[in-house]
Each structure stands twice: as C-alpha cells, then as structure tokens.
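Understanding the architecture of this molecule
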Amino acid sequence: MANGTHRKLRLHVMRYNPRVPGDAPRLQTYELEEADGMTLFIALTEIREKQDPSLQFDFVCRAGICGSCAMVIDGRPGLACRTLTKNLGEEITLAPLPFFELIGDLSVNTGKWMRAMSERLEAWVHMRAGELDLTRIEERMDPALAERIYELDRCIECGCCVAACGTARMREDFVGAVGLNKIARFRLDPRDARTDADYYEVVGDDAGVFGCMSLLACHDVCPKNLPLATQIAFVRRKMAREGLG
Amino acid sequence: MPLAKRQFDAVVVGAGGAGLRAALQLSEAGLRTAVVTKVFPTRSHTVAAQGGVGAALGNMGADRWEWHMYDTVKGSDWLGDQDAIEYLARKAPEVVIELEHFGMPFDRNEDGTIYQRPFGGHMQNMGAGPAVQRSCCAADRTGHAMLHTLYQRNVRAGTQFFVEWMALDLVLGADGRVLGVTALEMETGDVAVLQARATLFATGGAGRIFAATTNAFINTGDGLGMAARAGFPLEDMEFWQFHPTGVAGAGVLITEGVRGEGGYLLNKGGERFMERYAPNAKDLASRDVVSRAMATEIKEGRGCGPDGDYVLLKLDHLGVEKIEKRLPGIREIAKKFANVDPVKDPIPVVPTVHYQMGGIPTNYLGEVVVPGKGGPNTVVPGFYAAGECACASVHGANRLGTNSLTDLLVFGKAAGETMVRFLEENPGHPELPADAADRTLARIARLEGPGGGESVHEVGRELRRTMQAHAGVFRFPDLLAEGVKRVKEIAERAEHLAIADKSRVFNTARVEALELQNLVEVARATMVSAEARKESRGAHDRSDFHERDDANWLKHTLWYREGDRLAYKPVNLKPLTVESIAPKARVY
Ligand SMILES: Cc1cc2nc3c(=O)[nH]c(=O)nc-3n(C[C@H](O)[C@H](O)[C@H](O)COP(=O)(O)OP(=O)(O)OC[C@H]3O[C@@H](n4cnc5c(N)ncnc54)[C@H](O)[C@@H]3O)c2cc1C
C-alpha cells in the first residue's frame, strides 16, 4: 500500500461567509502532503486541525451514506468522503454546491430544501384509512417489487443532482431529480394509496416533471448511481398520460 | 450574550432513530414538541446502520420472543435487566411491523414476508441452537431506510426541528425536576433556554473517545456530558463494544451481516480460527468473543499483512450475485476504503470501537432513574432517555448485533408514550430558576476568556490516544490505573481550552470545544468504572481477573462526576411476566 514519496496537493477552496459583514467570495489555497488512501474528507479535516480552524464544511458518517458532504469538486458535484485524492490532480478546486442556501465556505443548507420538497410532494407512504393494525402480520410484498422499491429508496438526499440541474438553476421551485425519484418510489409502493391523479396534482407542472429539460446531468453525478434518467422519463410518461386523461 | 427563552410541551434532543421514534409519538398526540439536533435528521448516525433490526417474527423458521430474550440476557453476560429485556424482545415484532406499515423498504421472501438474516448470538431454543434468522433488513443499509422512513412519518406529523442547534446543559428546577435545556444556535452563535415540561435525551453514542471507531464525528456523548454535569450518574460505562470487522486503517464498518450471510475470518495461515474459539457458533459468536479471538490471533503473531496487524474477512465464496443482492453497500465500502473487491479478495479487518453499552440510567419506560428517596431506581421527574445514550439496561456487558435498532424503536416509542402520559398528568410549566443558563454561559465565557491556552485538537488527540491504549479489547491493571491518572489530567486541561476563532456565527471551533468537554466526561466515566471492576464480563476483559465474578460483581456501576465517585446497584434478574433466567457460564 505504501508508496514512498507523497505528492504535494494544493487545494483551492472557495471561502465566503454571507453572515459576516463585508466578507466577499474568494479562493484560498491550502497546501498539504498527500497520504495513502487520503480522501477529500481526510484532507479537509487535516487542514482544519492544523492550518485553519475557521474553514467550514460538513461531514457526519464518512462512509457515503449520510449525504452531508456533497460539494463541487473540480467543477463536478460529488461526495467528499468518497473522493480519493489519488484520483485527482495536484491542484484541486472545491466550491459549495450551487443553488442551495450557503451557510459558509463549503457548507450549504440542503436539509431546509429537502424538507420543503418532502412537504410539497408529501413524500411518505399514504396509508389507507384505518390500516395501522399492529396485531396483524406485515403487508406481503413480492420480493422483486420490494427490491425495485429499495433500489429507488437508496437516495441519500445529498443534493448533487439538484446542484447539477439546468432547470433548478432557472426555477427555484423545481423539485429536482431527488423529488421525481421519490414520486417514482412511492408510485411503485402498493402500500401507498395515492393514484396517478394524486401524483399529477403535485408534480404535473413545470416545477415538477415537465420542468425537466432532459439534460440529465443528475444521472451522471448521482453518487449512488440511481437510475434517475429512466425514472424521470417514466414518471413523465405517466404524468403526461394523466394530463391528457 | 442575548438569552432567548422558548416554551414547549416537550423537548427531544437528538433526531436519530430513537429521537425520531419518540418525537412521532409526541407530535401525533398533538403536543408542542421541539426536536433539537446538531445535524439535519437524516444525517444522524442511525443512517449508517447496516445489518438489520432484530425481532422474533419467525419468517424464516421457528422463532419466539422468549428465545430472543434469552439470547439477549446471555449476550449481556447477565448484566442486562431482565424486565427491560423482556419488554424489548416482546415488543420488537410490533415496532418492526409498524415500521413496515410506515413504508420501510424491507427485503422480502418469496411468500412476501420480511426477509431475516442470521446474526451473531441469535439462536433457537433458549440458546441451544442452531442459529436463528432474526435480523430484518433492507439489504445492508437498514439504518438508512429506517431513518428516512421515520423522518418521512415525522414530516407528515408536522414535527418541528431545530436543526444545527446544539444542546449544552440541562436546566434543573429547585426540586430536581428537569425543565429543559440550554442550547446554542450554531448559525447565530446565540444561546437560548428551551423550556419543556418533559425532556428526552436521544443523543446517541460517544465512540469518538477512541482513536479508531466506526462512529461518526458527531458522536461525542453530549447527552452523557450534560447529565453528568447536572449531577446524574452514568451507568456501566466500562462496557464498550469492539466490533470485530472495522476496515483496517479506515475504521469504517463492515456489517456482521457478512458473516450472517456466510462470510468468515481467516488468519495468516489461512485458518478459519473461530472454529477453535467458538466450536458451535464459530464466526457468529457474540462480538466480544470474536473480537478477543481476533486480538489474540494478532497478538500471537498470526495476523496478516506486512505488520501482521489485521485478519481477513473472506466472502468471495458467496458469489457475485448474493453479494450484489444482500451486501451491495459492503462491496462499495470495501472498494473505496480497503481498496479490495470482496467478490475476488478478502477484506482486511480489525476489532474497532463501535457501541457504548452504558449510558444514562433508565427503566423500560424510558424514565431516567437514579438512587434516591424511592430506592436505587427513583424516577427523575421530567427527564427521559432512549437509544444509545441510555442504559435501560438491555445490552448489559455486551450488545448483540441488531439489538440497537430494536432498542431505538422499542424504547423510543415507550419513552414517547410515557412522556405523553406525564404531560397529561402534569399540566403547566414550573417556574424557571433565575440562574437557568448560568452554568452554560460560564462555560462559554471560559472558552473565550484569557485563562485558556490548551488546543482543542491536541487535547482531543491525547484523549483518544489514551483511551485506545488504556481501555482496549484486553485490559491490564497497570494500564487501567495509569489511564485513570491520564484521563484526569486531560480533564483538567479541558477546563482550560482556548479557541483561536472567536467569531459568533457558525463557529466550528467553539462547537468542537464544547463537544470535547462532553467526550472528557465520558472518557473519565469509562476509565474510572473500568479500573474499579475487578472481574471479566462481556466486553470488559481483565488480565488479572479472568473470570466473571457473580458473587461480587453482578451489579451495575454508577459513576458520578463529582469526585469521580462510584456507586453500585443490583441487576434486575426478575422479568415482567416470565421466569428469571439464572446466570450460568457463557459459551458459544
Ligand atoms: C456503522 C454502524 C453500523 C451499525 N449497524 C447496526 C445494525 O445493523 N443494527 C443495529 O441494531 N445497530 C447498528 N449500529 C448501532 C446503531 O446504529 C446505533 O446504536 C444507533 O443508530 C444509535 O441511534 P440513536 O438514535 O441513539 O443516536 P444517533 O442516530 O447517533 O442520533 C443522535 C442524534 O442526537 C443529536 N445530538 C447529539 N448531541 C446533540 C446535542 N448536543 N444537541 C443537539 N442534538 C444532538 C444528533 O444530531 C443526532 O440527531 C451500527 C452503528 C454503526 C456505527
């Protein structure tokens, strides 16, 4: 594993704290020596510990499952904890995800946006009335269907797809691939009592599925490799039919 | 510093599995509830749980909650309280089915029921065996699926979250009733008093006291620190679980589900060494047993790699298809963090700190209980705890895999229900004392004052190094004694932290300093309790007292911050309705 000499990395980090009066966006450069198996998360932590305690960025699980650490890495949204520096050049540029409210430096408020999206799409299983009967065994479900639902449920709400989205840049209220993927997920779920007419109510407009311009950058950047292109196309077809219907 | 006051019926600190399950109970009862959390709810550490949630559904063959109860008592090395364990095992199927109704994307069997996989220490027939399939899972991302499902349900219920707020201290009334917390709004740097008629701690674990841990950065034991500073004891803090399979060097977890699905461990000679240590259960013995076996192999020169400091977890024989279907996240993690594709090559693993069995003492209803007028388990009015920060105690000296997620659901719900009842019976806010926030404000002022000089990162590093060296898988009397001394020195240094960045808004340095002060309390509790326990039980293994000693040590430790005082209370061996399970030798 060890490889003798290590590279010197130069991280150019976008710094800006909107809450500090007079602060302006700027790139700040930090130098550090690469280590074996170094991820951007390790690099940034080392910078904060040894060079600059004021640098802001978010991490929780460091295993690519909590969705906190998305940022723009050399121009492309991705998860910092799963990005190995050895796959990058010696000059690395880091910026916060665009579109989301900036908290400071590399930290953005994806949570606030995700909650609003969840509320708007009512992103939970709408049980049929009176169905919560805990004396009963669980709802039966075909394993293949369960697996398809699980596949879509893997979304970690990191915000990469929204940050990469052309429509989101123009329409603040666009629900993004993350939202449309949720609709696809609940549509599949037999436990959800909603019909296509109900879904049309929430995504049958330009802030929803008809806003997508099919540039599909979302699909390319998704750190979880969710099949976003197919899912969006599918939901759109269903909603278009519902709209005509 | 401006001091705002806000009033709620209930405050829940923590939005992981336990906090969200409790909050749901409160919100759906129409109570004004504030859920305070350092990170957005779905970023909480529960999201990282992989292997599954334990419940005797019996979908894969015969199973009964009594067997689950037996396994948990045995797993705990008889230190668990049998009333709480009965409650856990009995309620587990209900909370899992409920979660299924909420939309949890479980894996399924051909007949449409929830798929369950084997996990260490879970057996049929009151421990007699063979292994039982009890772990309900969503592939190897069960925690993620569970946390998102609970969050969605809370959005539906309109739960109010205070995100990026850090609770700092408990607020106590003159009569000892808990009246809420002080909290820091990270965005503005302001401190507020969140007044509540009932307060629940669900702040998770504190694995960050160790250098190598599977825990997230935010797992700093804040709930424990707050309770300790308010004068409440912490229970059984000497018991820390080392998970056998952390990725060597990276600390990231590889679920026990890998062994559940048929993977096994190998030493340098390619030997499946667990056959020697646990002839029956082999690689699915309890975690403390497997971790000790691995540490022994490494110590005796049978470790792998250039430095002989890890063993290998082999799973390629499961085949690509099974790995992709049941363990896709593990393949992803192994590739990223261990640089191996487990479809072809084994994963280098070492025992890694994973779970805190001890915590804030509670009963099975989620009420915090301390020695007092009503005996060793006197209820503290208005104060509740659930999840990893609480000690009910169901895990005793060693937790079984899948029992933490069960714990979050069962005791999160129980605590919520108990709080709803308490709030009905106790309307009206008692008056806040005038000095409600004084302790907190003094602590912050000290960080910013001139008396400091100690670096947060240096003190933190020293703490983690000390715990790693002095309270590991195997414990030695001299190292324990030395560890107590060092941790006390570190605690002293932590009184004089200085932060370079003094800005008000989103000051990470300040948050890290406040977290470190909590870690220090947890570390002190751990070292002092461990040094005092002169026996080996579950995860606590001493070189000078090799055996479990029920005559002298079948009791819970209670550590008080003031003067590092220790007290003990009896283990409850009496279940709620069934026969007691008497202590006996624990072999797998
Ligand atoms: C990698 C990994 C895999 C695991 N897999 C399994 C498994 O398969 N099965 C199983 O049963 N168990 C598993 N466990 C254990 C289990 O996941 C945890 O014990 C459990 O999720 C803890 O949940 P919790 O709700 O108590 O706390 P957490 O999920 O850790 O949540 C704590 C919450 O408290 C908040 N908080 C903390 N301090 C403060 C403060 N001062 N102010 C405000 N908010 C605060 C945080 O923001 C967070 O919301 C695993 C653990 C790890 C690390």
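Residues numbered from 1 in each chain as written. Chains lettered and ligands numbered in written order. Predicted model: local features only at pLDDT ≥ 70, side-chain atom pairs only at ≥ 80, totals over all residues.

Details of the overall build of chain B
Filter applied, for reference: Only DSSP runs of H or I with at least four residues qualify as helices, and only runs of E with at least two residues qualify as strands; both kinds are numbered from the N terminus onward. Three classes are used. A residue is buried when 20 or more other C-beta atoms lie within 10 Å of its own, exposed when 12 or fewer do, and partly exposed in between, with C-beta atoms placed from the backbone. Note on contacts: residues are paired as contacts if their backbone-placed C-beta atoms lie within 7 Å.
Counting its regular elements, chain B contains 16 helices and 22 strands. Taking the principal axes of the C-alpha coordinates as reference, chain B spans close to 65 × 50 × 50 Å. The buried share of chain B, reckoned over its 588 residues, is 63%. A separation threshold of at least 6 residues defines the contact pool for chain B, and within that pool the share at least 24 residues apart is 75%.

Section: the environment of E164 of chain B
All names here are of chain B. Here E164 lies in the loop between β6 (160-163) and β7 (165-172). Under the C-beta neighbour-count criterion, E164 is labelled buried, with 22 such atoms within 10 Å. Beyond its immediate stretch of four places on either side in the chain, E164 contacts K38, M186 and E187.

Describing helix α2 (residues 65-75) of chain B
Residues and elements named next belong to chain B. The buried fraction of α2 amounts to 9 of the 11 residues, a majority that puts the element mostly inside the structure. Residues of α2 that are buried include every one of W67, H68, M69, Y70, D71, T72, V73, K74 and G75, and no others. Looking one or two places after α2, you find D77, whose phi comes out positive at around 55°.

A word on unusual backbone geometry
Trans is the prevailing form of peptide bonds, just as negative phi is the prevailing case for residues other than glycine. Residues and elements named next belong to chain B. Here the amide bond leading from G129 into P130 is cis, since omega sits at 0°, within 30 degrees of zero. Take P130: it is sitting in the loop between β4 (116-123) and β5 (131-136). Cis geometry marks the peptide bond from A392 to S393; its omega dihedral reads -10°. Tracing the chain through its elements places S393 in the loop between β18 (390-391) and α11 (403-425).

Quick word on the sheet that holds strand β3 (residues 53-54) of chain B
All names here are of chain B. Quick reminder of the rule: Pairing between strands requires that DSSP locate at least two bridges from one strand to the other. Throughout, an axis means a line fitted to C-alpha atoms (over the contacting stretch in the case of helices), and angles, computed between N-to-C directions, take values from 0 to 180 degrees.
Taken in spatial order, the 3 strands line up as β3-β5-β4 in an open sheet, and their pairing is antiparallel. Bordering the open sheet on either side are β3 and β4, each of which pairs with just one other strand. Relative to β5, β3 is paired through 2 bridges, and the arrangement is antiparallel. Bridged to V53 within β5 is C136. Seen against the sheet, α2 touches β3, β4 and β5 and runs at an angle of roughly 50° to β4.

Remarks on the interface of chain B and chain A
Applicable threshold: Gly counts as polar in this scheme, as do all residues outside two lists: the nonpolar Ala, Val, Leu, Ile, Met, Phe, Trp, Tyr, Cys and Pro, and the charged Asp, Glu, Lys and Arg.
Contacts between the two partners involve 48 residues from chain B and, on the opposite side, 46 residues from chain A. Tallied by class, residues from the side of chain B that touches chain A come to 24 nonpolar, 12 polar and 12 charged.

Topic: the site of the ligand
Residue and element names in this part refer to chain B. Convention followed: As a rule, any residue with its backbone-derived C-beta atom within 6 Å of a molecule or strand is reported as near that molecule or strand.
Around the ligand, 47 residues are found, and the nearest of them are G14, G16, G204, D222 and G387. Elements supplying a minimum of two residues to the shell around the ligand: α1 (17-28), β2 (33-37), α4 (142-157), β7, β14 (347-356) and α11. It is α11 that provides the largest number of residues to the shell around the ligand, a total of 4 residues. Classifying every residue of the shell around the ligand by side-chain character gives 18 nonpolar, 26 polar and 3 charged.

Quick look at the domain arrangement of chain A
Residue and element names in this part refer to chain A. Our working definition: Boundaries of every domain are those given by an automatic assignment or by a domain database.
For chain A, the assigned domains are domain 1 (8-108) and domain 2 (122-242). On a C-alpha basis, the centroid separation for the pair domain 1 and domain 2 is 30 Å. Counting only elements with at least two residues in the side of domain 1 that touches domain 2, the list comes to β3 (70-73) and β4 (76-79). Broken down by element, the side of domain 1 that touches domain 2 gets its largest block of residues, 4 residues, from β4. Of the residues belonging to the side of domain 1 that touches domain 2, the class tally is 10 nonpolar, 3 polar and 2 charged.

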